[in-house]
Amino acid sequence: MTLANEGRHTIAVLVDNEPGVLARVIGLFSGRGYNIDSLTVAEVDAERMLSRITVVTRGTPMIIEQIKAQLRRLVPVHRVSDLTVEGPHVERELALIKVAASGDKRVESLRIADIFRARVVDSTTSSFVFEVTGTSEKLGAFINLMRPLGLVDVSRTGVVAISRGPKAI
Amino acid sequence: MTAQRLTGAEMVIKALVDQGVDVVFGYPGGAVLPIYDALFQQKELRHILVRHEQGAIHAAEGYARSTGKVGVVLVTSGPGATNCVTGLVDALMDSTPIVCLTGQVPTHLIGNDAFQEADTVGITRPCTKHNYLVKTTDDVARTIHEAFHVARSGRPGPVVVDLPKNVVVAEGTYQAPVAVRHKSYHPQVKGETSRIEQAVDLMAAAKRPLFYVGGGVVNSGPAASQLLTSFARLTGFPVTLTLMGLGAYPASDKQFLGMLGMHGTFEANMAMHGCDVMVCVGARFDDRVTGRLDAFSPGSKKIHIDIDPSSINKNVHVDIPIIGDAAYVIEDMIKIWKARQHRADPAALASWWSTIDGWRKRECLSYVPSRELIKPQFALQRLFERLKGRDDVFVSTEVGQHQMWAAQFLRFDKPNRWLTSGGLGTMGYGLPAAMGAQVAHPKALCIDVAGEASILMNIQEMSTLAQYRLPVKVFILNNRYMGMVRQWQEFFFGGRYSESYMDSLPDFVKLADAFGAVGLRASKPDEVDGLIDEMLRVDRAVIADVMVDPAENCYPMIPAGAAHNEIKLGPDGDGNASPPSDEGMILV
Ligand SMILES: Cc1cc2nc3c(=O)[nH]c(=O)nc-3n(C[C@H](O)[C@H](O)[C@H](O)COP(=O)(O)OP(=O)(O)OC[C@H]3O[C@@H](n4cnc5c(N)ncnc54)[C@H](O)[C@@H]3O)c2cc1C
Ligand SMILES: Cc1ncc(C[n+]2csc(CCOP(=O)(O)OP(=O)(O)O)c2C)c(N)n1
Ligand SMILES: [Mg+2]
């Protein structure tokens, strides 16, 4: 069910890189019934042991406000930044896409990959693995085009995002 | 000075002592035997051996609520930890500071389905404010200190520290508590000045103002209650309290309208419905308070003071949110109110008070007295008569009708005297909670107002009362029914009393005797005073079995999902609500 005033928000969360921290964040979303469209996590500062979680979620303004307040309440959370409201930001996702085909379809997949600036990172006589980065929409479009050409496997990272300009989170 | 080498178990004891702990509620088992051994060899900590780990947590809650200090629990791994889950959630919902130390299997066995292993941090993650698994002995003391800081600061709550057996057996370096700034956790206590000014100006312009005050003021400490009381007197505004806030404002004061919400007074709910400026302090717009959200206080501008940003705009949109500790914020409000020489509009306020007095005349708590049957309200009124004027009375409750009647008829002038399970509504809370309060206040009068169904949920704690000679009084309003369930079945399920009759009840007088306590019974209204006198006279634990009218219902009642002005005042058609909406039927 989508409510009329629901919006998509990309939220960056800086957390202590300690066991269980991801479970706390995911448990918060599932326990309170919030949506997760995409979630990524990786250590970003080894010295200070900080990880960055990027979560894409949907909700009414009141729910989004709740999500942010609930995230800030978690003890190992340092910063919560709603990139969607805090100004312009860049969002990227990476996908590895395997296409198994021969003949014209194989050629056509290479041609489209070129248009999308996808790179071939593995090739056999009967398959390619493409690496493509961009917005989630771009990745979606690429995958859709590959479908009739022999798409067999997809692996996506989920969205990572960062604000534009000089300021840090 | 060389750093102190201690075993993990010794560190646990030392860390607790350094945190100012004087008593621990607990129950031993394999994984915590080293800690119990360290406990045996020291004199600074008192241990109260409960009879079930759930009792330990509720006792610690009663201790914490009645003192404002952190309650401490020590239990073993596996079943010891899982038995604590209900109590942890209870403390989480009611913002009660608890540190619960759980034993765990040795680190190399974690994940192996070892004997009495449970994933305690996994199970308790959503049941606590925060939890820790301590993996090395050097971290034991620091983690416990941090656990106390997290439990007591900001919005208080329960914290679990899971201690594997090898970690408490090994030696390490003890770290004394130091006031370090936590790297990520910093609750905000000071409110934003511009918001506070805005709020005070809005209040000064109000025509029909109301203070809506909750448990946050109790959490903040007695100073917050005093400041709130001064501010209310300064402004002349009426005050209503939530179930968790009772005592935060003196109930004997003429500006007090009583509790609001589902079983709140007519005047409090009507004032909530009709006010034009609402000043919410440390309350969280619970659904038992708001009723139907789209009809909740429709014409008011709302100010909300709360230490937890997640309480703001959660259920109800507010106009002026102020994040901060209640005491700090009210203190600032008083200063600004005085500095700006504000005065409430006298004509408007007088007219508001006369409207309120009209509502008060309905005497919504009145009931039809009886010569044959003890009305539960009558029993509580008689009890209250004997408690009036005493400053050393702590009352806990179980959950049900008796809890609501106790909230209505026992009136508190000070905070920390009223111990009840509001958010989770845990039957079985009252006896251990009263026990915890009695441990903290050995000379005080600690009463558990109980239902005959609820009391059976933690009745084993009578044995703890006996061991430590804790003279807790259990005052059972025995209606032979899960009365609150029966009431809903009568109103909303066509009088089909499915499984709510309490068959085969024990003889509570004999049961008291078996536990080494005094058993008393009253079956007629004229026996009630004598029973109360005797209960207060004996210097031992008492079970007073008061046989009350089984058919009595608790009024006023706003059916779940109804609006405040749809309040049901009694059985005689007076203000009778229509059957609840479909939406209401699915609410609890
Ligand atoms: C059978 C039954 C019937 C009930 N009927 C009613 C009823 O009729 N009326 C009623 O009111 N309740 C009723 N309840 C209780 C209800 O379920 C809630 O528990 C209660 O209303 C919540 O109280 P509260 O809003 O004061 O919040 P609490 O749960 O006490 O929460 C405290 C709030 O204050 C904040 N806070 C904490 N510390 C501070 C601080 N230092 N400074 C500022 N803010 C702080 C917290 O963040 C939180 O938002 C009933 C419960 C049961 C079991
Ligand atoms: C642990 C638990 N189980 C079930 C309930 C649901 N419940 C709420 S009130 C109630 C009946 C309580 O009966 P009693 O203790 O006799 O109190 P009365 O309402 O009769 O005063 C029940 C079963 C609950 N609140 N807690
Ligand atoms: Mg009953």
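Conventions we followed
Residues numbered from 1 in each chain as written. Chains lettered and ligands numbered in written order. Predicted model: local features only at pLDDT ≥ 70, side-chain atom pairs only at ≥ 80, totals over all residues. Heavy atoms only, no water. Buried < 20%, exposed > 50% of the residue type's maximum accessible area, 1.4 Å probe, protein only. Helix = DSSP H or I, 4+ residues; strand = E, 2+ residues; numbered from the N terminus. Pairing = 2+ DSSP bridges. Right-handed = clockwise from strand over helix to strand, strands pointing away. Domains from an automatic or database assignment. Contact = heavy atoms within 4.5 Å. Buried area = accessible area lost by both parts, 1.4 Å probe. Salt bridge = Lys/Arg side-chain N within 4 Å of Asp/Glu carboxyl O. Polar contact = N/O pair within 3.5 Å; in protein donor to acceptor, adjacent residues only side chain to side chain. 1 Å grid on protein atoms, 1.4 Å probe; cavity = no way out; pocket = protein on both sides within 12 Å on 5 of 7 lines; lining within 4 Å. Points joined across faces, edges and corners; volume = space filled by probe spheres on them. Nonpolar A, V, L, I, M, F, W, Y, C, P; charged D, E, K, R; others polar. Axes fitted to C-alpha atoms, helices over the stretch in contact; angles between N-to-C directions.

Peer 1: How do you make sense of the pairing of strand E7 (residues 158-164) of chain B when you look at a structure like this?
Peer 2: When a strand is regular, its side chains alternate between the sheet's two faces. All names here are of chain B. Where burial is concerned, most of E7 is hidden: seven out of the seven residues are buried. Of the two faces of E7, both are covered, the one formed by Pro158, Val160, Asp162 and Pro164 as well as the one formed by Val159, Val161 and Leu163. Of the strand pairs in this sheet, strand E5 (residues 98-104) and E7 are connected by seven bridges, and their pairing is parallel. If you follow Leu101 over to E7, its bridge partner there is Val161. For strand E6 (residues 130-133) and E7, the ladder comprises four bridges, and the chain directions are parallel. Paired with Asn131 across the two strands is Val160, which belongs to E7. Handedness of the crossover joining E6 and E7 through helix H7 (residues 140-152): right-handed.

Peer 1: Which parts of the structure should I look at to understand the domain arrangement of chain A?
Peer 2: In many reports, interface size means the accessible area that the parts give up when they come together. All names here are of chain A. Taken domain by domain, chain A comprises domain 1 (7-86) and domain 2 (90-161). Opposite the nine residues of domain 1 that make contact, domain 2 presents seven residues. Carbon and sulfur atoms supply 45% of the area buried between domain 1 and domain 2, which totals about 530 Å² over both sides. The largest contributions to the domain 1 side of the interface with domain 2 come from Arg8, Thr40 and Thr54, which together make up 55% of the buried area. Summed over the shared surface of domain 1 and domain 2, the number is one salt bridge. Across the pair Arg8 and Glu91 runs a salt bridge whose closest N-O atoms are separated by 3.3 Å. Our count for the domain 1 to domain 2 interface comes out at five residue pairs in polar contact (both at pLDDT 80 or more). Every element with two or more residues in the side of domain 1 that touches domain 2 is listed here: strand E1 (7-16), strand E2 (38-45) and strand E3 (50-59).

Peer 1: Would you mind showing me how to read the layout of surface pockets here?
Peer 2: Its volume calculated, the second largest pocket comes out at about 1,000 Å³. Taken together, 35 residues line the second largest pocket, and the ones lying closest to its centre are Glu18 of chain A together with Tyr132, Arg142, Thr143 and Glu146 of chain B. For the lining of the second largest pocket, the elements supplying multiple residues, two or more each, are E6 and H7 of chain B. For the lining of the second largest pocket, the element with the most residues is H7 of chain B, which contributes six residues. Class assignment for the residues of the lining of the second largest pocket results in 13 nonpolar, ten polar and twelve charged.

Peer 1: When you look at the sheet that holds E1 of chain A in this model, what are you seeing that I'm missing?
Peer 2: One key point about sheets: their strands pair by backbone hydrogen bonds, in either a parallel or an antiparallel sense. Residues and elements named next belong to chain A. Taken together, four strands build an open sheet; the order of strands is E2-E3-E1-E4 and the sheet is antiparallel. The sheet is open, and its two borders are formed by E2 and strand E4 (77-82), each paired with just one other strand. Neighbouring strand axes in the sheet, compared pairwise and without regard to direction, differ in orientation by 20° on average. Across ten bridges, E1 lies against E3 in antiparallel orientation. Residue pairing in the sheet places His9 in a bridge with Thr57 of E3. Docked against the sheet, helix H2 (residues 61-73) engages E1, E3 and E4, running at close to 160° with respect to E4.

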